[in-house]
Amino acid sequence: MKLNLNIQPLNTWIKTGKEPLVISGPCSAETEEQLVATAHLLAQTGKISALRAGIWKPRTRPGEFEGIGSIGLEWLKRAKEETGLPTAVEVATAKHVEEALKAGVDILWVGARSTANPFTVQEIADALKGVDVPVMVKNPVNPDLSLWVGALERINNAGITKLAAIHRGFSSYEKSAFRNEPMWDVAISLKTLAPELPIINDPSHITGNRDLIGYISQKALDLDMQGLMIESHIDPSVAWTDAKQQVTPAALADIIDHLALRKPEV
Ligand code: PEP
Ligand code: MN
């Protein structure tokens, strides 16, 4: 069985000339200085294609930092003006979509907790009707390929053709080296169902550990995934969210430099 998705190639909406394609930036926008300084250092590496930042953070439990909110969109705008990097944020409600689009965000993504809820995905899809913006859909927190496919279909049915999937691994109750089990076969199954759909790997949320990011990134490239989304922070040790998995822009550049790209077949 093949999915009937209407997809435009990745190079119609993101600069794919840099190899590998990397989207990077902080888990969360915290302060204007943190975001803009991180963006400058990332841009200076010359290795990234877009700047990510969480503005609204879906925390599993209450009582923790839930994102800086709309003001962060202004900081992202400044980061983009000063570095030229296109910007990407997570949206979880119709209001997030409206605000992000109004602020000129270039790429939207649906987070893993949202993908697990068809009502949420449909609300986001409805807010995207008539809009031409790239959207990336993370896998749901649980290893349910149908939920992932269903979310991609809902967004695509709303008219979004600049579409990609993000593989960020799956929750498990078992103890493991990883924060979220990669379960590569789920991503491979998606690729089999929709060969034209780009899949971007998120080694940060798979590993939960900056020391394993290079290893998982290499594995993703070896499986022909089309890009990487890696969290970075000017000073990861003091990050307000996901501190253990964020890397400095310099460490990111080093990880990228050590990745081996697959050679075209001869
Ligand atoms: C994130 O990208 O910071 C995030 C919250 O990720 P996920 O939806 O994969 O948990
Ligand atoms: Mn994060």
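Predicted, not measured: the structure shown is a model, and the values here were computed from it.

Student: Honestly, the overall build of the protein chain in this entry has me stumped. Any pointers?
Tutor: A tally of helices and strands in the protein chain yields 10 helices and eight strands. Scaling as 2.2 N^0.38, a compact globule of 266 residues should have a C-alpha radius of gyration of about 18 Å, and the protein chain matches this with 17 Å. Oriented by its inertia axes, the alpha-carbon framework of the protein chain measures out at about 50 × 45 × 40 Å. Relative to its 266 residues, the protein chain shows a buried fraction of 47%. Residue pairs in contact within the protein chain that sit at least 24 positions apart in sequence constitute 72% of those at least 6 positions apart.

Student: Is there a simple way to think about the packing of helix α6 (residues 145-157) against helix α7 (residues 184-193) in this case?
Tutor: The geometry of α6 relative to α7 is characterised by a closest axis approach of 10 Å and an angle of 45° between their N-to-C directions. On the basis of the axis angle, α6 is oblique to α7. Handedness of the crossing formed by α6 with α7: right-handed. Seen from α6, the contacting residues are L145, W148 and V149; seen from α7, they are V186, S189, L190 and L193. By residue class, the composition of the contact of α6 with α7 is six nonpolar, one polar and no charged.

Student: What is the right way to look at the sheet that holds strand β7 (residues 199-201) in this model?
Tutor: Within a beta sheet, neighbouring strands are joined by backbone hydrogen bonds and run either parallel or antiparallel to one another. Strand order in the closed barrel formed by eight strands is β1-β2-β3-β4-β5-β6-β7-β8, and the pairing between neighbours is parallel. On average, adjacent strands in this sheet sit at an angle of 30° to one another, irrespective of strand direction.

Student: Even after reading the chapter, I still don't get the environment of P143, so can you show me in this structure?
Tutor: The residue P143 is located in the loop between β5 (135-138) and α6 in this model. Sequence spacing of P143 and D185 is 42 residues, and the spatial spacing of their C-alpha atoms is 10.0 Å. When neighbours within four sequence positions are excluded, P143 is seen to be in contact with F170, M183 and V186.

Student: Looking at this structure, I do not really get the nonpolar core. What am I missing?
Tutor: The nonpolar side chains of a soluble globular protein tend to be buried with one another. In this structure, L108, V135, V137, I155, A164 and A165 are the most contacted members of the largest nonpolar core, which totals 69 residues. Aside from chain neighbours lying at most four places away, what touches V135 is L108, W109, V110, L128, I155, I160, K162 and L163.

Student: Help me understand the site of ligand 1, please; the structure alone is not making it clear to me.
Tutor: The local shell around ligand 1 consists of C27, G54, P58, E90, G111, A112, R113, K138, R168 and H205. Of the residues assigned to the shell around ligand 1, the class counts are three nonpolar, three polar and four charged.

Student: Please explain the confidence of the model for the protein chain as it appears in this structure.
Tutor: Should pLDDT be low for a region, the predicted coordinates there are not to be read in detail. With 98% of its residues at a pLDDT of 70 or more, the protein chain shows a mean pLDDT of 96. β5 holds the highest mean pLDDT among the elements of the protein chain, 99, whereas helix α9 (residues 213-222) holds the lowest, 97. Predicted as a complex, the structure gets a pTM of 0.97 and an ipTM equal to 0.99.

Student: Can you help me understand helix α3 (residues 94-102) in this one?
Tutor: Side chains of residues three or four places apart in an α-helix project in the same direction, reflecting 3.6 residues per turn. Looking only at α3, the buried set comprises H96, V97 and A100. Down the axis, α3 shows its buried residues gathered within 100° of arc, on one side only. Residue G104 follows α3 closely and has a positive phi angle near 80°.

Student: What am I meant to see in the pairing of strand β8 (residues 227-231) here?
Tutor: Each regular strand displays side chains that alternate between the two surfaces of the sheet. Taking burial as the measure, the five residues of β8 include five buried ones, the bulk of the element. Where strand β1 (residues 21-25) lies against β8, five bridges are found, and the strand directions are parallel. Note on β8: the bridge partner recorded for I23 is M229. Summarising the sheet, β7 and β8 pair through two bridges and their orientation is parallel. Considered in β8, the bridge of N201 is made with L228.

Student: Sorry if this is basic, but what is going on with the environment of W75 here?
Tutor: When you line up the elements, W75 lands in helix α2 (residues 71-83). The buried category is assigned to W75, around which 23 C-beta atoms lie within 10 Å. The sequence separation of W75 and E33 amounts to 42 residues, and the corresponding C-alpha distance is 8.6 Å. Once residues within four sequence positions are removed from consideration, W75 is found in contact with A29, E32, L35 and V36.

Student: What's the story with the packing of helix α1 (residues 32-45) against helix α10 (residues 249-257) in this structure? I'm lost.
Tutor: Helix-helix packing: each pair is described by the crossing angle between the helix axes and the interaxial distance. As a packed pair, α1 and α10 sit with axes 9 Å apart at the nearest point and diverge in direction by 30°. In terms of orientation, α1 and α10 fall into the roughly parallel class. The handedness of the crossing between α1 and α10 is right-handed. For the pair α1 and α10, contact is made by T38, L41, L42 and T45 and by P249, L252 and A253, respectively. Partitioning the contact of α1 with α10 into residue classes produces five nonpolar, two polar and no charged.

What counts as what
Residues numbered from 1 in each chain as written. Chains lettered and ligands numbered in written order. Predicted model: local features only at pLDDT ≥ 70, side-chain atom pairs only at ≥ 80, totals over all residues. Helix = DSSP H or I, 4+ residues; strand = E, 2+ residues; numbered from the N terminus. Rg over C-alpha atoms; globule rule 2.2 N^0.38 Å. Buried ≥ 20, exposed ≤ 12 C-beta atoms within 10 Å, placed from the backbone. Contact = placed C-beta atoms within 7 Å. Axes fitted to C-alpha atoms, helices over the stretch in contact; angles between N-to-C directions. Parallel < 35°, antiparallel > 145°, perpendicular 65-115°, else oblique. Left-handed = near helix turned anticlockwise from the far one by under 90°. Nonpolar A, V, L, I, M, F, W, Y, C, P; charged D, E, K, R; others polar. Pairing = 2+ DSSP bridges. Core = buried A, V, L, I, M, F, W, Y, C linked by C-beta atoms within 7 Å. Near = placed C-beta within 6 Å. pLDDT = per-residue confidence, 0-100. Arc of directions from axis to C-beta.

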